[in-house]
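Chains, contacts and geometry: an overview
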Amino acid sequence: MARWWPILSVLLLCCAAAQSQDKLEGVDVEEVCADRPADEYFRLDTEGDCREVYRCTKSGLKEIQCPSGLAFDVLKQTCDWKAKVTNCDEKEKPRKAKPNLKTDEPICPDGKLSCGDGECLDKELFCNGKPDCKDESDENACSVDEDPNRAPECDPTQCALPDCFCSADGTRIPGGIEPQQVPQMITITFNGAVNVDNIDLYEDIFNGQRQNPNGCSIKGTFFVSHKYTNYSAVQDLHRRGHEISVFSLTHKDDPNYWSGGSYDDWLAEMAGSRLIVERFANITDGSIIGMRAPYLRVGGNKQFEMMADQFFVYDASITASLGRVPIWPYTLYFRMPHKCNGNAHNCPSRSHPVWEMVMNELDRRDDPTFDESLPGCHMVDSCSNVASGEQFARLLRHNFNRHYNSNRAPLGLHFHASWLKSKKEYRDELIKFIEEMLGRNDVFFVTNLQVIQWMQNPTELNSLRDFQEWKEKCDVKGQPYCSLPNACPLTTRELPGETLRLFTCMECPNNYPWILDPTGDGFSV
């Protein structure tokens, strides 16, 4: 059989090519490809098994085929399980009318722009979240690069610390300090509920004995989601100087809910989540000022308008593609200094008084000097090729060196606790890495807020021992607020049939807090 296999493969390929060629006969490529984006995949017909699609190239139509068992979803533009694809009867994703923003001669008077059908409307009405053109084209060209009311490009003469920071390509060091004098900051962040499944891991990593070069214990940032969280444990993390931020109230698993969320959705999810954490973890110092979007599905301008109104200082959901030099966090008064990368590409296009704690992708190659390039990964657990402690150790040290030997932009190590707990060797390697780094005198494990505090007041290494902002909650002694929290068994009309335990040192509420009733005091329909 082995002898015949190559011949059989060639015959199969020839048959497939011949079938494809038959299908393309009589197709007017120019007509099919007119005004079609080069990266759009489409079907030529709706017969067959829904696996093959085409895209337009300079040399004609290029065919791709999903593997057996999958079908092509023209709306999502990706292969998916056949049972999940509901548009096999559609040839292409719906075309949206685009406004006439670039014309040789002006079509409209000053201050107005042309809709796709030639109607002239005020420039401010474009990309404001509601269609004003009759053909709705004013809401169809609103990306970071297209929005007619987009934020201007970075202007260092107009953007000054401590309130504003930008640079043309995002790689400039704040304060113009030489790289050798910049502390290499490392942020360890965790997403999700804090509870009995992971408290021991956090105790292990942040045991109070591991100290930064300024004598303060190392700190982390926790993006807390509501369901299943033990708020007495969150209260104790906060008491010990860690940063508590929010990761949403419902953590709905429909990604489009986040990408296309309204202002009110983001308000209820993030401000509601903050209200719950403040109340049941008894955090009264106004320190919950950061958020991360579930699935890193950034919510565009609506998310950031809500953040500014609700006094959130930073977002930590936007990823930057793996590049030669990593990117420093920046404010969004001016345009993002990198391409809108990641899920659904709904980055904010307007100007917002918010910091972006950008997630630089990690280089996950096993041997960077030899391996061919691979796409980066933003969460450590999304580096799917890391399967052993040894590989994880190499990933940590190689990415540390990428940051340390270039512009010393903060290195973000972002985790779901379940991944670190899935193999004891992962936890051991992370602790070994932390202790090795603390043997240097220029590496600090800090919170996201502490990164911003350093950027607002850039301070050279030799003066950092007295850097006041990093001295607050330096080493915390004492006991947890309560040794035996209330284990409140609660229900809510919003989640019928579920009884959920709320662990808190505070009094039990009447109902389980949820999106319409974040205080748990009850709500009227």
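Residues numbered from 1 in each chain as written. Predicted model: local features only at pLDDT ≥ 70, side-chain atom pairs only at ≥ 80, totals over all residues. Heavy atoms only, no water.

As recorded in an unreviewed UniProt entry, the protein goes by Chitin deacetylase 1 isoform X2 and comes from Drosophila albomicans.

Focus on the overall build of the protein
Within the protein, the regular secondary structure consists of eleven helices and 19 strands. The globule rule puts the C-alpha radius of gyration for 525 residues at 24 Å, and the 26 Å found for the protein is close to it. Burial statistics for the protein: of 525 residues in total, 47% are counted as buried. When contacts within the protein are restricted to residue pairs at least 6 apart in sequence, long-range pairs at least 24 apart make up 61% of them. When the accessible surface of the protein is totalled, it reaches about 25,800 Å², and 50% of it is carbon and sulfur. Of the side chains in the protein, 56 bear a positive and 79 a negative charge, and the two mean positions are spaced by 5 Å. (Helix = DSSP H or I, 4+ residues; strand = E, 2+ residues; numbered from the N terminus. Rg over C-alpha atoms; globule rule 2.2 N^0.38 Å. Buried < 20%, exposed > 50% of the residue type's maximum accessible area, 1.4 Å probe, protein only. Contact = heavy atoms within 4.5 Å. Areas by Shrake-Rupley, 256 points an atom, 1.4 Å probe, with all protein chains shown as cover. Lys, Arg positive; Asp, Glu negative; His and termini not counted. Charge placed at Lys NZ, Arg CZ, Asp CG, Glu CD.)

Re the pattern of salt bridges
According to the stated counting rule, one finds 26 salt bridges in the structure shown. The closest approach of N and O atoms between D236 and R240, which form a salt bridge, is 3.5 Å. Judged by its relative accessible area of 16%, R240 is buried. Connected via shared salt-bridge partners are D200, D204, K421 and R427. (Salt bridge = Lys/Arg side-chain N within 4 Å of Asp/Glu carboxyl O.)

So, the packing of aromatic side chains
A complete count under the given rule lists 20 aromatic pairs for this structure. Put simply, the rings of F190, Y202, F206, F222, F392, F415, W419 and Y426 touch in pairs and so form one group of aromatic residues. The ring of Y257 is capped by K252, whose NZ or CZ atom sits 4.1 Å from the centre of that ring. (Phe/Tyr/Trp six-rings, centres within 6.5 Å; stacked < 30°, edge-to-face > 60°. Lys NZ or Arg CZ within 6 Å of the ring centre and 35° of its normal.)

Things to note about unusual backbone geometry
The omega torsion of the bond from L161 to P162 falls at 10°, within 30 degrees of zero and hence cis. Position of P162 relative to the elements: it lies in the loop between β6 (120-122) and β7 (184-191). In the Ramachandran plot, S248 falls in the positive-phi region, its phi being about 105° despite a non-glycine side chain. Counting through the fold element by element, S248 comes out in the loop between β9 (243-246) and α5 (255-259).

A short note on the nonpolar core
Ranked by internal contacts, the top residues of the largest apolar core, which has 78 residues, are F190, F392, F415, L420 and F445. Looking at this core, the element that brings in the most residues is helix α10 (residues 424-438), giving seven residues. Beyond its immediate stretch of four places on either side in the chain, F415 contacts I188, T189, F190, N191, M379, V380, D381, F392, L420 and L430. Residues I177, Y314, V446 and L461 belong to the second largest nonpolar core, which totals 24 residues. (Core = buried A, V, L, I, M, F, W, Y, C linked by side-chain atoms within 4.5 Å.)

Some details on the pairing of strand β2 (residues 60-65)
Looking at chain direction, strand β1 (residues 52-57) and β2 are connected through six bridges and run antiparallel. Pairing of T57 across the sheet is with G60, part of β2. The hairpin formed by β1 and β2 contains two residues between the paired strands. (Pairing = 2+ DSSP bridges.)

Observations regarding the packing of helix α6 (residues 263-280) against helix α7 (residues 300-309)
With their axes 8 Å apart at the nearest point, α6 and α7 run at an angle of 50° to one another. It follows from the interaxial angle that α6 and α7 lie oblique. Note that α6 runs across α7; the crossing there is right-handed. Across the interface between the two elements, Y263, W266, L267 and M270 from α6 touch K302, Q303, E305, M306 and D309 from α7. Looking at the contact of α6 with α7 residue by residue, the class counts come to five nonpolar, one polar and three charged. (Axes fitted to C-alpha atoms, helices over the stretch in contact; angles between N-to-C directions. Parallel < 35°, antiparallel > 145°, perpendicular 65-115°, else oblique. Left-handed = near helix turned anticlockwise from the far one by under 90°. Nonpolar A, V, L, I, M, F, W, Y, C, P; charged D, E, K, R; others polar.)

Focus on helix α8 (residues 389-404)
Three or four residues apart is the spacing at which side chains of an α-helix point the same way, because the helix has 3.6 residues per turn. In this model, α8 (16 residues) spans 22 Å end to end at C-alpha, consistent with the 22 Å of a helix rising 1.5 Å per residue. If you follow the buried residues of α8, they end up packed against β7, β15 (359-360), β16 (411-415), α9 (417-422), α10 and β17 (443-445). (Expected span 1.5 Å × (residues − 1).)

Some points on the state of the cysteines
Across all of its chains, the model carries 13 disulfides by this definition. There is a disulfide in this structure between C33 and C56, and the S-S distance comes to 2.0 Å. Disulfide C33 to C56: torsion about the S-S bond roughly -90°, handedness left-handed. Here the residue C33 occupies a position in helix α2 (residues 29-33), and C56 occupies one in strand β1, the gap between them amounting to 23 residues. Residue C33 is classed as buried on the basis of its relative accessible area of 17%. One disulfide bridge connects C50 with C88, the sulfur atoms lying 2.0 Å from each other. Measuring handedness by torsion sign, the sulfur bridge of C50 and C88 sits at about -95° and is left-handed. On the criterion of sequence distance, the pair formed by C50 in the loop between α2 and β1 and C88 in the loop between β4 (78-81) and β5 (112-114) is long-range, its members being 38 residues apart. Note on C50: relative accessible area 8%, which makes it buried. (Disulfide = S-S within 2.5 Å.)

Side note on the environment of F126
Within the secondary structure layout, F126 lies in the loop between β6 and β7. Placed 22 residues apart in sequence, F126 and P148 show a C-alpha to C-alpha distance of 6.9 Å.

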